[in-house]
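Take a look at the letters that make up each chain.
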Amino acid sequence: MRNTPSWTFDAIPDQSGRLVVVTGANSGIGYVTAGELARRGARVVLACRDPERGRAALERMKEEIPGADLELRRVDLASLASIREFAAGWDLGRLDLLVNNAGISMVPYAVTEDGFESQMAVNHLGPFALTGLLLPHLLAAPDPRVVGVSSLAERFARFDLDNLNAERRYSPMFTYALAKRATLYFALELQRRADAAGLRLRSMAAAPTLTRSNILTGGPHAAKGWLYRTITPLVLRVAFRPTPEGAQTSLYAATVPDLPGGSYVVADGPIQMYGSPTLRTRDRALRDTVTAQRLWEVSERLTGVTYESVMRQA
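Residues numbered from 1 in each chain as written. Predicted model: local features only at pLDDT ≥ 70, side-chain atom pairs only at ≥ 80, totals over all residues. Heavy atoms only, no water.

1. Notes on the overall build of the protein
Turning to step 1, where the next piece is worked out: Broken down by element type, the protein carries 11 helices and eight strands.
Turning to step 2, where the next piece is worked out: Here the protein, with 314 residues, has 56% of them falling under the buried criterion.
Turning to step 3, where the next piece is worked out: In the protein, 76% of the contacts between residues at least 6 apart in sequence involve partners at least 24 apart.
Turning to step 4, where the next piece is worked out: Total accessible area on the protein stands at roughly 13,400 Å², and carbon and sulfur atoms take up 53% of it. (Helix = DSSP H or I, 4+ residues; strand = E, 2+ residues; numbered from the N terminus. Buried < 20%, exposed > 50% of the residue type's maximum accessible area, 1.4 Å probe, protein only. Contact = heavy atoms within 4.5 Å. Areas by Shrake-Rupley, 256 points an atom, 1.4 Å probe, with all protein chains shown as cover.)

2. Some words on the pairing of strand 4 (residues 97-100)
Turning to step 1, where the next piece is worked out: A two-sided burial pattern is seen for strand 4, the buried positions comprising Leu97 and Val99 on one face and Leu98 and Asn100 on the other.
Turning to step 2, where the next piece is worked out: Sheet topology places strand 1 (residues 19-23) next to strand 4; three bridges connect them, and they run parallel. Paired with Val22 across the two strands is Val99, which belongs to strand 4.
Turning to step 3, where the next piece is worked out: In this sheet, strand 5 (residues 145-149) lies alongside strand 4 in parallel orientation, the contact comprising four bridges. In the strand pairing of strand 5, Leu98 is matched with Val146.
Turning to step 4, where the next piece is worked out: The parallel pair strand 4 and strand 5, bridged by helix 4 (residues 118-139), forms a crossover whose chirality is right-handed. (Pairing = 2+ DSSP bridges. Right-handed = clockwise from strand over helix to strand, strands pointing away.)

3. Focus on the packing of aromatic side chains
For any pair of aromatic rings, the description consists of the separation of the ring centres together with the inter-plane angle of the planes.
Turning to step 1, where the next piece is worked out: Applying the stated rule across the entire model yields 11 aromatic pairs.
Turning to step 2, where the next piece is worked out: A ring pair is formed by Trp7 and Phe9, whose centres lie 6.4 Å apart and whose planes are at 75 degrees; its orientation type is edge-to-face. Accessibility assignment for this pair places Trp7 and Phe9 in one class, buried.
Turning to step 3, where the next piece is worked out: With 5.1 Å between their ring centres and 80 degrees between their planes, Phe128 and Trp296 make a pair best called edge-to-face. In this pair, Phe128 sits in helix 4 while Trp296 sits in helix 10 (residues 289-303), placing the two residues 168 residues apart along the sequence. (Phe/Tyr/Trp six-rings, centres within 6.5 Å; stacked < 30°, edge-to-face > 60°.)

4. Let's talk about the sheet that holds strand 6 (residues 202-206)
Turning to step 1, where the next piece is worked out: The sheet built from eight strands is open, its strands ordered 3-2-1-4-5-6-7-8 with mixed pairing. This sheet does not close on itself; its edge strands, each paired only once, are strand 3 (69-74) and strand 8 (277-279). Across this sheet, the average inter-strand angle for adjacent strands is 20 degrees, counted without regard to direction.
Turning to step 2, where the next piece is worked out: The strands touched by helix 2 (residues 51-64) within the sheet are strand 2 (43-48) and strand 3, with strand 3 carrying the most contacts at an inclination of about 175 degrees.
Turning to step 3, where the next piece is worked out: Strands in contact with helix 8 (residues 248-255) are strand 4, strand 5, strand 6, strand 7 (264-267) and strand 8; relative to strand 5, the strand with the most contacts, it is inclined by about 165 degrees. (Axes fitted to C-alpha atoms, helices over the stretch in contact; angles between N-to-C directions.)

5. Brief notes about the side chain of Thr112
Turning to step 1, where the next piece is worked out: Residue placement: Thr112 occurs in the loop between strand 4 and helix 4.
Turning to step 2, where the next piece is worked out: Look at Thr112 and you get buried, because its relative accessible area is 11%.
Turning to step 3, where the next piece is worked out: Non-local contacts of Thr112, meaning those with residues more than four positions away in its chain, are made with Ala78, Ser118 and Ala121.

6. Concerning the pattern of salt bridges
Turning to step 1, where the next piece is worked out: Scanning the model with the defined rule gives 15 salt bridges in all.
Turning to step 2, where the next piece is worked out: When the shortest N-O distance is used, the salt bridge between Glu71 and Arg43 registers 3.6 Å. Taken as a pair, Glu71 in strand 3 and Arg43 in strand 2 lie far apart in primary sequence, 28 residues in all.
Turning to step 3, where the next piece is worked out: Relative accessible area serves as the criterion here: at 21%, Glu71 is assigned to the partly exposed category.
Turning to step 4, where the next piece is worked out: Linked through salt bridges whose partners overlap, the residues forming this network are Arg43, Asp69, Glu71, Arg73 and Asp91. (Salt bridge = Lys/Arg side-chain N within 4 Å of Asp/Glu carboxyl O.)

7. What to know about helix 5 (residues 172-196)
Turning to step 1, where the next piece is worked out: Here helix 5 is 25 residues long and its end C-alpha atoms lie 36 Å apart, about the 36 Å a rise of 1.5 Å per residue gives.
Turning to step 2, where the next piece is worked out: The buried fraction of helix 5 is high, at 18 of 25 residues. (Expected span 1.5 Å × (residues − 1).)

8. Points about the side chain of Arg181
Turning to step 1, where the next piece is worked out: Checked against the element boundaries, Arg181 lands in helix 5.
Turning to step 2, where the next piece is worked out: Judged by its relative accessible area of 9%, Arg181 falls in the buried class.
Turning to step 3, where the next piece is worked out: Excluding its chain neighbours within four sequence positions, the residues that come into contact with Arg181 are Glu154, Arg155, Ala157, Phe159 and Ala285.

9. Regarding the packing of helix 1 (residues 28-39) against helix 8
Packed helix pairs are specified by the crossing angle of their axes together with the interaxial distance, meaning the distance between the axes.
Turning to step 1, where the next piece is worked out: Between helix 1 and helix 8, the least distance of the axes is 9 Å, while the angle of their chain directions is 40 degrees. Of the possible angle classes, the one that applies to helix 1 and helix 8 is oblique. Taken as a pair, helix 1 and helix 8 cross one another with a handedness that is right-handed. Residues Ile29, Val32, Thr33, Glu36 and Leu37 of helix 1 form the contact with helix 8, whose own contacting residues are Ser250, Leu251 and Thr255.
Turning to step 2, where the next piece is worked out: Partitioned by chemical class, the residues of the contact of helix 1 with helix 8 number four nonpolar, three polar and one charged. (Parallel < 35°, antiparallel > 145°, perpendicular 65-115°, else oblique. Left-handed = near helix turned anticlockwise from the far one by under 90°. Nonpolar A, V, L, I, M, F, W, Y, C, P; charged D, E, K, R; others polar.)

Read these as spatial facts, not as claims about activity.
Laid out in structure tokens, this is it:
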């Protein structure tokens, strides 16, 4: 792991002229990421699943950042139809930055309308499809960048391409780790393919610190038992870091000017749980090109979204 000086939001350069999409921007790390980019002049599209929560976040952000250039658009990453509708309705021209932030964590087993296990759908297959469908707009930008938000949990993944949909077994924790490893594989393989095609695109992955957000308390978790709903918020307050600290790695990956494509940004503390952004360079997953390529092929088949023709024409 390469050490870097302590990095703060003050180091974010001017973002004027950049058009940005942040998925899951209505809360948590996504909200902070969108807000800090808007604060520095970017035009930011908050891409959210729930229109009501999205509108509330939009109004709150406008109050916090007077004059911010913000827009709300709906996309549900658990639905290929919703993703295609979002991409087909894109009418803002070039896209400079896509932050694939939205995700779900350790939820009870569920299957999406497309027949995918929900954690794999929202954390990987949805972002894979969204990125592919927005790729023509990204490649129209002078310096396009894609950031995939992974997790320190990916280090504990037992990656099984033959069980992506958890047909044989389902563990909320290990399926989450599997999905977040897929996020990392996707980011790195996208960079390899962009390099092979001679494209300007830079693809990064980022793993946040242990962060207080509603990923463990909202959505399906709200229906869990009294014990979970009582203990989990206490654990979050005691052991997890404030949301702005969690957003540092995403914002580092999204804004550091000379950051190489294919970078994996993590926290520099113990087991990546706390600390300032740094680059992780020594990890077997970073070198596992065979699995990443196979995952790419499976993802194209499952989603029906392919990249090759767009990359060839760019």
